[in-house]
Amino acid sequence: MKPLMLQGHERAITQIKYNRDGDLLFSSAKDNAPNVWFSLNGERLGSYLGHQGVVWCLDVNWETTRFLTGAGDNSMRLWDVSNGKEIGKVTTGSSVRTCAFSYSANTAVMSTDKQMKFNCEIYIIDVRNADASLEHQDPIMRIPVDGPKVTSILWGPLDETVISGHENGKITMWDLKMGKEVHSVMDHSGSINDLQFSKDGTQFISASKDCTAKLFDTDTLELLKTYKTERPVNSAALSPIMDHVVLGGGQEAMEVTTTSTRVGKFDARFFHLVFEEEFGRVKGHFGPINSLAFHPDGKSYASGGEDGFTRVHTFDPSYYEYQFDF
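By the naming in an unreviewed UniProt entry, the protein chain goes by Eukaryotic translation initiation factor 3 subunit I and is assigned to Frankliniella occidentalis. Regarding the protein chain, the UniProt comment filed under Subcellular location (unreviewed entry) reads as follows: "Cytoplasm". The protein chain has a UniProt comment under Subunit (unreviewed entry) that states "Component of the eukaryotic translation initiation factor 3 (eIF-3) complex."

Shown next, in the form of structure tokens:
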């Protein structure tokens, strides 16, 4: 299992994501150009040029025709995947921390940071026939978020709700018809770094700074499982074909120099979904892992690290033969 090393960013990776077919891998970093790669051989297909700051988040729609990025230059941009041209952009008062297409990709959600006099807000934007005039259109809805800012976001079932993870560990469900909070849970004690759905969308996993990842039910936000580690978890992903969870993290980049390499433990760790037991580790990165994604066919996974590399690992045959004893 020799990984593909994708080197196209000069700064730390912030998020990586496969498209639905799994043939393309999108990556964004703390430099200002998100990249798209062929996931099969790691060849770079192109970059999306236009942002002036850190690109914090990205999403790609179901048909891989449009690509969404949110950045520290106070804008969210919509791109044409095939040619890298910018379709439209939305400017905000503070930097855009999260963004996501709805399932139908008719609408998109994004959230902004709390900065200076600007409060954290969740925007719902209509992107059906987006063009250069997108900048001057009002969002369908703006939900002000009082309290800790939103750090990760997902669309709920049937695009009727939005699930957000917050800096203090709270997970909130917002009803978009009423534009207000309908349910929230406080199962984490640290900032929520990442939320990712299972393949069918009935469950999602959260990765938190409190050194745990937790599995929740999408409808009720009921806590189902907890995966514990000794260091902050930056990202967690669920396998589409096996009962496996992969967790990635490590100490924060600023604390790395004060400890030896062994202590850092920048490995991706595999846990069993049901039994919460760790059964494997994959080493590789020279810094914390910031983002993880399973390939939609479940036969490989990718990790993006603080070292600016994206590594694509294809599983060996022994991975599929591995049976948990129960």
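**As for the overall build of the protein chain**
Helix and strand counts for the protein chain stand at two helices and 28 strands. On C-alpha atoms alone, the protein chain measures out to a radius of gyration of 18 Å, which is about the 20 Å that the 2.2 N^0.38 rule sets for 326 residues. Dimensions of the protein chain, computed from C-alpha atoms along their principal axes, come out at roughly 55 × 40 × 40 Å. Going through the 326 residues of the protein chain one by one, you find that 56% of them count as buried. In the form shown here, the protein chain has an accessible surface area of approximately 14500 Å², with 50% of it arising from carbon and sulfur atoms. When the 32 basic and 43 acidic side-chain charges of the protein chain are each reduced to a single mean position, those positions are 4 Å apart.

**Description of the nonpolar core**
Counting residues in each nonpolar core, the largest one holds 16 residues, and the members touching the most others are Leu-68, Met-76, Phe-101, Met-110, Ile-125 and Val-127. Those elements giving two or more residues to this core turn out to be strand E8 (75-80), strand E10 (96-101), strand E11 (107-112) and strand E12 (121-126). With three residues, E10 is the single largest residue contributor to this core. Discounting chain neighbours no more than four positions away, the residues touching Met-110 are Met-76, Val-90, Thr-92, Val-96, Thr-98, Cys-99, Glu-121, Ile-122, Tyr-123 and Ile-125. Counting 14 residues, the second largest nonpolar core, distinct from the first, contains Ile-124, Val-145, Val-150 and Ile-153.

**Side note on the sheet that holds strand E18 (residues 192-197)**
If you trace the four strands from one edge of the open sheet to the other, you get E18-E19-E20-E21, paired in antiparallel fashion. Unpaired on one side and paired on the other, E18 and strand E21 (223-228) mark the two borders of the sheet. Each strand of the sheet is rotated relative to its neighbour by a mean of 20°, with strand direction disregarded. Relative to E21, strand E20 (residues 212-217) runs antiparallel, the two being bridged by five bridges. Within E21, the residue paired with Thr-212 across the bridge is Lys-228.

**Here we look at the sheet that holds strand E1 (residues 4-7)**
The strand order across the open sheet formed by four strands is E1-E28-E27-E26, and the pairing between neighbours is antiparallel. Either end of the sheet is taken by a strand with one partner, and the two such strands are E1 and strand E26 (289-294). Going across the sheet, the axis of each strand differs from the next one's by a mean of 20°, ignoring polarity. Examined bridge by bridge, strand E27 (residues 300-305) and strand E28 (residues 309-314) share five bridges and lie antiparallel to one another. Looking across to E28, one finds that Tyr-301 is bridged to His-313.

**What to know about the UniProt feature "repeat: WD" (unreviewed entry) in the protein chain**
Per the UniProt record, "repeat: WD" (unreviewed entry) is annotated on residues 6-37, 48-89, 150-184, 185-226 and 282-312. Counted over residues 48-89, helix gives 0% and strand 52%. Its end C-alpha atoms are 13 Å apart.

**Regarding the state of the cysteines**
For the structure on display, the rule yields zero disulfides. Between Cys-57, a free cysteine, and Cys-99, which holds the nearest cysteine sulfur, the sulfur-to-sulfur gap is 3.1 Å. The thiol of Cys-120 is not disulfide-bonded; the next cysteine sulfur, from Cys-57, is found 12 Å away.

**Describing the side chain of His-313**
With respect to the element layout, His-313 can be found in strand E28. Once you skip the residues sitting within four places of it in the chain, His-313 turns out to touch Met-1, Pro-3, Val-282, Lys-283, Ser-300, Tyr-301 and Ser-303.

**Concerning the pattern of salt bridges**
Under the criterion given, the structure shown has 14 salt bridges. When the shortest N-O distance is used, the salt bridge between Arg-281 and Glu-278 registers 2.6 Å. Here the salt bridges do not stand alone but share partners, grouping Glu-230, Arg-231, Asp-267, Arg-269, Glu-278 and Arg-281 into one network.

**Describing empty space enclosed by the protein**
Picture a little ball the size of a water molecule; that probe, rolled over the atoms, points out where space is still empty. Counting across every chain of the model gives one cavity of 30 Å³ or more. Residue lining of the largest cavity: 11 residues in total, with Arg-231, Pro-232, Gly-248, Gly-249 and Arg-269 positioned closest to the centre. The element best represented in the lining of the largest cavity is strand E23 (residues 244-249), accounting for three residues. Looking at the lining of the largest cavity residue by residue, the classes come out as three nonpolar, four polar and four charged.

**Let's talk about a nonpolar patch on the surface**
Together, Val-274, Phe-275 and Phe-326 make up a nonpolar patch on the protein surface, roughly 330 Å² of accessible area in all. Overall, Val-274 belongs to the partly exposed group, its relative accessible area being 36%.

Criteria and cut-off values
- Residues numbered from 1 in each chain as written.
- Predicted model: local features only at pLDDT ≥ 70, side-chain atom pairs only at ≥ 80, totals over all residues.
- Heavy atoms only, no water.
- UniProt positions renumbered as here; feature names shortened; annotations may be inferred.
- Helix = DSSP H or I, 4+ residues; strand = E, 2+ residues; numbered from the N terminus.
- Rg over C-alpha atoms; globule rule 2.2 N^0.38 Å.
- Buried < 20%, exposed > 50% of the residue type's maximum accessible area, 1.4 Å probe, protein only.
- Areas by Shrake-Rupley, 256 points an atom, 1.4 Å probe, with all protein chains shown as cover.
- Lys, Arg positive; Asp, Glu negative; His and termini not counted.
- Charge placed at Lys NZ, Arg CZ, Asp CG, Glu CD.
- Core = buried A, V, L, I, M, F, W, Y, C linked by side-chain atoms within 4.5 Å.
- Contact = heavy atoms within 4.5 Å.
- Pairing = 2+ DSSP bridges.
- Axes fitted to C-alpha atoms, helices over the stretch in contact; angles between N-to-C directions.
- Disulfide = S-S within 2.5 Å.
- Salt bridge = Lys/Arg side-chain N within 4 Å of Asp/Glu carboxyl O.
- 1 Å grid on protein atoms, 1.4 Å probe; cavity = no way out; pocket = protein on both sides within 12 Å on 5 of 7 lines; lining within 4 Å.
- Points joined across faces, edges and corners; volume = space filled by probe spheres on them.
- Nonpolar A, V, L, I, M, F, W, Y, C, P; charged D, E, K, R; others polar.
- Patch = residues over 30% accessible without salt bridge, like charges linked within 9 Å, V, L, I, M, F, W, Y side chains within 5 Å.

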